[in-house]
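# Residue-level structural notes
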Amino acid sequence: MVVLNFIINNILTQAAVVIGLIACLGLALQKKPAGTVVSGTLKTMLGFLVLSAGSSVIQSSLTFFGTAFNAAFHMKEGAVVASIEAINGQAMSDLGLGGEIAITLAGIFVVNVILARITKFKYIFLTGQALLWEATLCVVFAYFLGLSGLPLILIGSLVGGVFATLMPALAQPIMRQITGSDDIALGHLCTVGYIVSAMVAKVTGDKNKSAEDIQLPKSLEFLQDTYLSVMTVMIPFYLITAAFAGAEACAPFCGNTNHIVYAFLQALQFVTGLYVLMAGVRMLLAEIVPAFQGISMKLVPDSKPALDCPVLFPYAPNSVILGFVFTTIGSLIGMLISPIFGAFVIPGVMSNFFAGGTAGIFANQMGGRRGVVIGCIVHGIFIMILPAMLSPMLAQIGFVNVTCTDVDTIITGFFFMLIKSVVGFF
Amino acid sequence: MFFFGKKKTESEQKKTESAPKPDREELLKKASELIQKLEGVQDKKEKTALLNEIGSCFFQAKEQDQAIHYYEMSLEEDRQLGKAYTDLLKLYNQKRQAAAEAKDDAKLTEYMDKVQNLMQMSKDVIRGKI
């Protein structure tokens, strides 16, 4: 009994152990050899610890940025960086919700499989990272509602599973038009943004004048290195903020180092943290996701796989490039107006690329090249306003100078807040 | 969804109905002629176009394995986003579904990995890495 109590109180309360056990379960269910089960379990635990280390680096960089921004611009709303990765890192390590998030991730797979089996929505969501972000938001907001333990995991899994099943269904009518078949679905939790861009494009554009008929460069070479792209966005923001804040306001952080030099290094620290965090996320998901994907596919053989957004790029490569460009323009406009909605939001370059590119494909399908231009500018504004609206709630929960990117996960947050308001009403 | 579920116009419907369906025997015959032609071709662009055409014939003739073979050869020759990619995606998905129904774990993993590799390729091409 003493041993059992020790295990329950000292080992199973550790997020790294819980996450390792989930990977272990997934590998065992696949009847993998014992060596693979042990190594996969240990690698998953290591992934969680790497993720936590990256999150700490990001958080210390953002603490400096947030303080300098407040001193520089005296904006009562404050500044937040749009990074779903940083949200996940802070939730899993600093808020101590890592174990709950990992179990909810597995729960979302289960609910998704059940819904795909018993309803007409035969979509199995296969994008592991997107599901991890969804699990994070479900757990964070269920926790904010005052839930804990089993009820938190059950509610989080249910809501996440419903989103993972219904969001591909929402995109499918346009997906059928883009791919010319009903074989695959879209598993990327920015769907509401894609529908917004498609609706705007349908109203304002002309689908007979496709963006694919014009000559454009075949690729966006400056995005070859993800982290270099993020760096080119973060460095100017950090430098301008530090310049306006002045040496005195930055002194508690930088000591004897020049505040501009310190700000430059902190921008690099942000990218370093992101690099480490993403390495951790990949390690963490490498064993868990394939295990559950294989099981889901076998349990629902007639399912439609909901795949990550790059699967669509070959259907309309010009629209991807235009979508990225005009979503970025829209997000800069959105950034300027974002304080009205709750916080000054700094856009994420990589989410602009993936979400913007896919929004471009949807907009082109419904409204041609003019639809892409107008639809994606609106999309860019939309994906800045929603994170701005969510950021006061995130700050209240304990997140430091950071907000979400993927709009479906933000809507998940609003959904939980709606429940809180309705329950509070009675 | 009603907003996007626009019905086909009459002319579009007629166009679809009147499109002649190629005969399976004809497609296979054409594919075998193209395979013979392929042997002498050295030019990369011409070879890729031929491989795509052969893949397409087999795809339409519902010869999945042959179609996959020639489309994969085409992508090895030139990693570009086109018909080879989009048809391969459909073919891998069909094979994945068949493997899931047959409860063949190895094949299921193989075709899911192939889909993942296609997605990675699409990311790399758009970002100019290839």
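Chains are numbered independently. Their residues run from 1 in the order of the written sequence. Whichever chain is written first is A, and whichever ligand is written first is 1; the rest continue in order. Only residues with pLDDT of at least 70 are given local features in this predicted model, and only at 80 or more are side-chain atom pairs given and counted; all residues enter the totals for whole chains, interfaces and linings.

## Examining the overall build of chain B
Note the threshold: Labels follow the DSSP assignment, with helices taken as runs of H or I lasting at least four residues and strands as runs of E lasting at least two, numbered in each case from the N terminus. Working definition of burial: number of other C-beta atoms within 10 Å of the residue's own, with buried at 20 or more, exposed at 12 or fewer, and partly exposed in between, all C-beta atoms being placed from the backbone. Each residue gets a C-beta atom placed from its backbone, and two residues are in contact if those atoms lie within 7 Å.
The helix and strand tally for chain B stands at six helices and zero strands. Going residue by residue from the N terminus, the α and β elements of chain B occur as α-α-α-α-α-α. Across the 130 residues of chain B, 32% fall into the buried class. Taking as baseline every contact in chain B between residues at least 6 positions apart, the subset at least 24 positions apart corresponds to 46%.

## Here's the deal with the nonpolar core
Heads up, the condition is: The term nonpolar core refers to a set of buried Ala, Val, Leu, Ile, Met, Phe, Trp, Tyr and Cys residues connected through C-beta atoms within 7 Å.
Grouped together as the largest cluster of nonpolar side chains are 177 residues, with contacts concentrated most on A:Ile19, A:Leu105, A:Ile124, A:Val139, A:Val345 and B:Leu88. Take this core: its biggest share by element is 23 residues, from helix 12 (residues 349–397) of chain A.

## Structural notes on unusual backbone geometry
Residue and element names in this part refer to chain B. At Lys62, a residue that is not glycine, the phi angle is positive and equals roughly 60 degrees. By the secondary structure assignment, Lys62 is in the loop between helix 3 (44–60) and helix 4 (64–77). Residue class for Lys62 comes out exposed when judged on the 11 C-beta atoms lying within 10 Å of it. Although it is not a glycine, Lys103 adopts a positive phi angle of roughly 55 degrees.

## What to know about the confidence of the model for chain B
Residue and element names in this part refer to chain B. Note the following rule: Known as pLDDT, the predictor's per-residue confidence is scaled from 0 to 100.
The pLDDT averaged across chain B works out to 82; a share of 82% of its residues lies at or above 70. Mean pLDDT across the elements of chain B ranges from a minimum in helix 1 (residues 10–18), with 49, to a maximum in helix 4, with 93. In the predicted structure, residues 5–12 sits below a pLDDT of 50 and forms two contacts with residues beyond four places in sequence or in another chain. Scored as a whole, the predicted complex attains pTM 0.87, and scored at its interfaces, ipTM 0.77.

## Focus: the pairing of strand 4 (residues 304–307) of chain A
Residues and elements named next belong to chain A. The criterion, for reference: Two strands qualify as a pair provided that DSSP identifies no fewer than 2 bridges between them.
By the alternation rule, side chains of strand 4 split into Lys304 and Ala306 and Pro305 and Leu307, which are all buried. Here strand 2 (residues 123–125) runs beside strand 4; their pairing, made up of three bridges, is parallel. Residue pairing for strand 4: Phe125 is matched across the bridge by Ala306. Here strand 3 (residues 185–186) runs beside strand 4; their pairing, made up of two bridges, is parallel.

## Topic: the packing of helix 4 of chain B against helix 5 (residues 83–101) of chain B
All names here are of chain B. For clarity, the threshold we go by: The angle between two axes is taken between their N-to-C directions and runs from 0 to 180 degrees, where each axis is a line fitted to C-alpha atoms and a helix contributes only its stretch in contact. Should an angle fall under 35 degrees it is called roughly parallel, over 145 degrees roughly antiparallel, and 65 to 115 degrees roughly perpendicular, with every other angle called oblique. By definition, any crossing whose near helix is turned counterclockwise from its far helix by less than a right angle is left-handed, and any crossing with a clockwise turn is right-handed.
The interhelical angle for the contact between helix 4 and helix 5, taken along N-to-C directions, is 140 degrees, at an axis separation of 10 Å. Classified by the angle between their axes, helix 4 and helix 5 sit oblique to one another. Note on packing geometry: the crossing formed by helix 4 with helix 5 is left-handed. Each of Gln64, Ala67, Ile68, Tyr71, Ser74 and Leu75 in helix 4 lies in contact with helix 5, whose residues at this interface are Ala84, Asp87, Leu88, Leu91, Gln94 and Lys95.

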